[in-house]
Amino acid sequence: MGIFERMRRSFGGSGGVGTGARLRGMSDTDVAHLEAWVAERKGVEAFVEPETFVNQLSVVLIAKDGEWTRRRVGDAKTARKLGERLSVPIYDVQKTGYPQRMREYDERQRILQRREQIKRDQQPY
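As the structure is a prediction and not an experimental result, all values here were calculated from the model. (Residues numbered from 1 in each chain as written. Predicted model: local features only at pLDDT ≥ 70, side-chain atom pairs only at ≥ 80, totals over all residues. Heavy atoms only, no water.)

Draft legend 1. Representation of unusual backbone geometry. The phi dihedral of Ser-87 falls on the positive side, at around 55°, and the residue is not glycine. Residue placement: Ser-87 occurs in the loop between α3 (76-86) and β4 (90-92). For Ser-87, a relative accessible area of 65% translates into the label exposed. (Helix = DSSP H or I, 4+ residues; strand = E, 2+ residues; numbered from the N terminus. Buried < 20%, exposed > 50% of the residue type's maximum accessible area, 1.4 Å probe, protein only.)

Draft legend 2. Focus on the pattern of salt bridges. Scanning all chains against the criterion turns up 8 salt bridges. Close ionic contact of Arg-70 with Glu-49 constitutes a salt bridge, the shortest N to O distance being 2.7 Å. Residue Arg-70 is found in strand β3 (residues 68-72), and its partner Glu-49 is found in strand β1 (residues 45-49); the two are separated by 21 residues along the sequence. Judged by relative accessible area, Arg-70 falls into the partly exposed class, the value being 35%. Glu-116 serves as the salt-bridge partner of Lys-119, at 3.9 Å between the closest nitrogen and oxygen. Residue Lys-119 and its partner Glu-116 are both found in helix α5 (residues 100-122); the two are separated by 3 residues, about one turn of the helix. Bridged by salt links that share partners, the residues Glu-40, Arg-41 and Glu-67 form one connected network. (Salt bridge = Lys/Arg side-chain N within 4 Å of Asp/Glu carboxyl O.)

Draft legend 3. Spotlight on α3. Buried within α3 are the following residues: Thr-78, Ala-79, Leu-82, Gly-83, Arg-85 and Leu-86. For α3, the angular spread of the buried residues around the axis is 165°, confining them to a single face. Of the surrounding elements, those touching the buried residues of α3 are α2 (28-39), β1, β2 (58-62) and β4. In this structure Asp-75 caps α3, since a side-chain oxygen of it lies 3.3 Å from the backbone nitrogen of Lys-77. The positive-phi residue at the C-terminal boundary of α3 is Ser-87, with phi of around 55°. (Arc of directions from axis to C-beta. Contact = heavy atoms within 4.5 Å. Polar contact = N/O pair within 3.5 Å; in protein donor to acceptor, adjacent residues only side chain to side chain.)

Draft legend 4. Structural detail: the environment of Val-73. Mapping Val-73 onto the fold places it in the loop between β3 and α3. Between the C-alpha atom of Val-73 and that of Ser-27, which follows or precedes it by 46 residues, the distance is 8.9 Å.

Draft legend 5. Inspection of the environment of Ala-79 at higher detail. Looking at the secondary structure, you find Ala-79 in helix α3. Separated by 12 residues in the primary sequence, Ala-79 and Tyr-91 have C-alpha atoms spaced 9.9 Å apart.

Draft legend 6. Here's a closer look at the packing of α2 against α3. At a closest axis distance of 11 Å, the pairing of α2 and α3 adopts a crossing angle of 40°. The pairing of α2 with α3 is recorded here as oblique in orientation. Here the hand of the crossing between α2 and α3 comes out right-handed. Residues Val-31, Leu-34, Glu-35 and Val-38 of α2 form the contact with α3, whose participating residues are Leu-82, Arg-85 and Leu-86. (Axes fitted to C-alpha atoms, helices over the stretch in contact; angles between N-to-C directions. Parallel < 35°, antiparallel > 145°, perpendicular 65-115°, else oblique. Left-handed = near helix turned anticlockwise from the far one by under 90°.)

Right, dumping it as structure tokens:
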């Protein structure tokens, strides 16, 4: 059995990566969410977050504008397969850190939320 045949079998079909194969440790809804998220945004990169006492190993997808989403992935091997499946570069956040655009996006969102709260507070009852 060749290496490609082993890969096909481990991904549960003849198509290999990216053809509807289930990723171990992830629910189908999580995978579908991440696939749709990547399809709707530009310049997406994946960052693998380590497992902690509180959280499982997870992956954060960050778009070019800094918007992000996070999902648990189970283990590092699954995270790497996910990056291949989504055709996005994948980094270890412990080595690279989070990109500045993610922090800037979060700050913009906080400002927008404060503005909305002020508008609601100023509305007459």
